[in-house]
Amino acid sequence: MAAEAFAPAKINLALHVTGKRSDGYHLIDSLVVFAAVGDKVTAEPSRDGNWHLAINGPFALGLNPDPSNLVIKAGKLSGDPPALFTLTKRLPIAAGIGGGSSDAAAALRALSDMDGRPIPQDVVSLGADVPVCLRAEPARMRGIGEDLSPVPPMPKVYLVLVNATRHMSTRAVFQTLETADNDPMPDPVPWDDAAALADWLKTTRNDLEPPARRLDGTVARTIDRIEDTEGCLFARMSGSGATCFGLYASEDNARRAAKAIRGFEPEWWVTTTTPL
Ligand SMILES: C[C@@](CO)(OP(=O)(O)O)[C@H](O)COP(=O)(O)OP(=O)(O)OC[C@H]1O[C@@H](n2ccc(N)nc2=O)[C@H](O)[C@@H]1O
Ligand SMILES: Nc1ncnc2c1ncn2[C@@H]1O[C@H](COP(=O)(O)OP(=O)(O)O)[C@@H](O)[C@H]1O
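Residues numbered from 1 in each chain as written. Chains lettered and ligands numbered in written order. Predicted model: local features only at pLDDT ≥ 70, side-chain atom pairs only at ≥ 80, totals over all residues. Heavy atoms only, no water.

1. Considerations on the site of ligand 2
- Near ligand 2 there are 17 residues, and of these Leu70, Ala94, Gly96, Gly98 and Gly100 occur at the shortest range.
- Residue Gly96 places a main-chain N or O atom 2.9 Å away from an oxygen atom belonging to ligand 2.
- Against a free-state accessible area of 540 Å², the protein chains account for coverage of 75% of ligand 2.
- Here the shell around ligand 2 takes 4 residues from helix α2 (residues 99–115), the largest share from any one element.
- Classifying every residue of the shell around ligand 2 gives 7 nonpolar, 8 polar and 2 charged. (Near = heavy atom within 4 Å. Polar contact = N/O pair within 3.5 Å; in protein donor to acceptor, adjacent residues only side chain to side chain. Areas by Shrake-Rupley, 256 points an atom, 1.4 Å probe, with all protein chains shown as cover. Helix = DSSP H or I, 4+ residues; strand = E, 2+ residues; numbered from the N terminus. Nonpolar A, V, L, I, M, F, W, Y, C, P; charged D, E, K, R; others polar.)

Given below as structure tokens:
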């Protein structure tokens, strides 16, 4: 029997880099939320005993359906029997919104729903973002991504996600970071409304934004476009970029902002969404 799982976009509302491990991985302290926009992964039993992947959707052409795909890697980590996956790729690739990690987590969920197999233990071996993507709920993420703790509920907010459809290498952004030993994120506090969340975010950082801005000039342009829209309470880059988000209190403002940005930049990926 086939099983389907949603792979929501992951957004790092704040991301402090607080250290570096001896293996080169960085310690982070991040407020992560998930959005109602995302990919879809379907799993069904394989007829020939091999793992298979078919990819469709608006960003399908950017990916190869081969063993390097995180969906297949997740499947193999979960063990036999193999499955046939179908991935509907709606999120831009290498974009700082965890598309690959969220697909891997969705593949594990779909397999588990398909035949009851357990979710494997060592999911961080698939990618630092996979543990948080398996939970797919607001969280404070520490360590390299394996240390998760709950945060106060999100207030009603509207997000506009904007990507100039440029791939950004996570590895290159971490390598361009000047200082790894930075202050941790302040403890999250209950946020009454969108304005309170925006005010709190102003006391935080994304330490990967300065190196990403140095690597790709479209990051600054993307933030400028978002900040110029009416009702934008806060704008920042997510993860290692290059997707940036704008935060709004009203759905109308978010929709109008997305329309205005699309008008200026018709080639960019622009979407309105809400945190899950
Ligand atoms: C930066 C973050 C923030 O949520 O998100 P994205 O921008 O990828 O969405 C994540 O830490 C990314 O997680 P993920 O994309 O799974 O990274 P991985 O595949 O494990 O690592 C890719 C490369 O990034 C670097 N890396 C990644 C995570 C980390 N905590 N420290 C690192 O130094 C390493 O050079 C590694 O080889
Ligand atoms: N299913 C997948 N979706 C997206 N990227 C994938 C997938 N499988 C493997 N990758 C590779 O993982 C890398 C990171 O992609 P992605 O997870 O979209 O970005 P980010 O980590 O910046 O959020 C890309 O170089 C991409 O080729």
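2. A word on the UniProt feature "domain: GHMP kinase N-terminal" (unreviewed entry) in the protein chain
- According to UniProt, the positions carrying the feature "domain: GHMP kinase N-terminal" (unreviewed entry) are residues 79–129.
- Segment residues 79–129 splits into 33% helix and 12% strand. End C-alpha atoms: 21 Å apart. (UniProt positions renumbered as here; feature names shortened; annotations may be inferred.)

3. Structural notes on the packing of helix α1 (residues 70–78) against α2
- At their nearest, the axes of α1 and α2 sit 8 Å apart, and the two run at 40 degrees to each other. Looking at the two axes, α1 sits oblique to α2. The handedness of the crossing between α1 and α2 is right-handed. Note on element contacts: α2 touches α1 through Gly100, Ser101, Asp103, Ala104, Ala107, Leu108 and Leu111, opposite Leu70, Val71, Ala74, Gly75 and Ser78.
- Here the contact of α1 with α2 is composed, by residue class, of 7 nonpolar, 4 polar and 1 charged. (Axes fitted to C-alpha atoms, helices over the stretch in contact; angles between N-to-C directions. Parallel < 35°, antiparallel > 145°, perpendicular 65-115°, else oblique. Left-handed = near helix turned anticlockwise from the far one by under 90°. Contact = heavy atoms within 4.5 Å.)

4. As for the domain arrangement of the protein chain
- For the protein chain, the assigned domains are domain 1 (3–142) and domain 2 (152–273).
- Computed over C-alpha atoms, the centres of domain 1 and domain 2 are 22 Å apart.
- For the pairing of domain 1 and domain 2, the buried interface totals around 2700 Å² over both sides, and the portion due to carbon and sulfur atoms is 66%.
- Three residues, Leu13, His16 and Val17, lead the burial of domain 1 against domain 2; their summed loss comes to 23% of the area buried on that side.
- A salt bridge links Asp187 to Arg140; the shortest N-O distance between them is 2.8 Å.
- Broken down by secondary-structure element, the contributors of at least two residues to the side of domain 1 that touches domain 2 are β1 (3–20) and β2 (26–45).
- Class assignment of the residues belonging to the side of domain 1 that touches domain 2 gives a composition of 19 nonpolar, 7 polar and 5 charged. (Domains from an automatic or database assignment. Buried area = accessible area lost by both parts, 1.4 Å probe. Salt bridge = Lys/Arg side-chain N within 4 Å of Asp/Glu carboxyl O.)

5. So, the sheet that holds strand β8 (residues 232–237)
- Read across the sheet, 4 strands follow the order β8-β9-β7-β10 without closing on themselves; strand pairing throughout is antiparallel. The sheet is open, and its two edges are formed by β8 and β10 (269–273), each paired on a single side. Looking at each pair of strands side by side, their axes are set apart by 15 degrees on average, direction ignored.
- Relative to strand β9 (residues 244–248), strand β7 (residues 158–163) is paired through 5 bridges, and the arrangement is antiparallel. Within β9, the position partnered with Val160 by the bridge is Gly246. (Pairing = 2+ DSSP bridges.)

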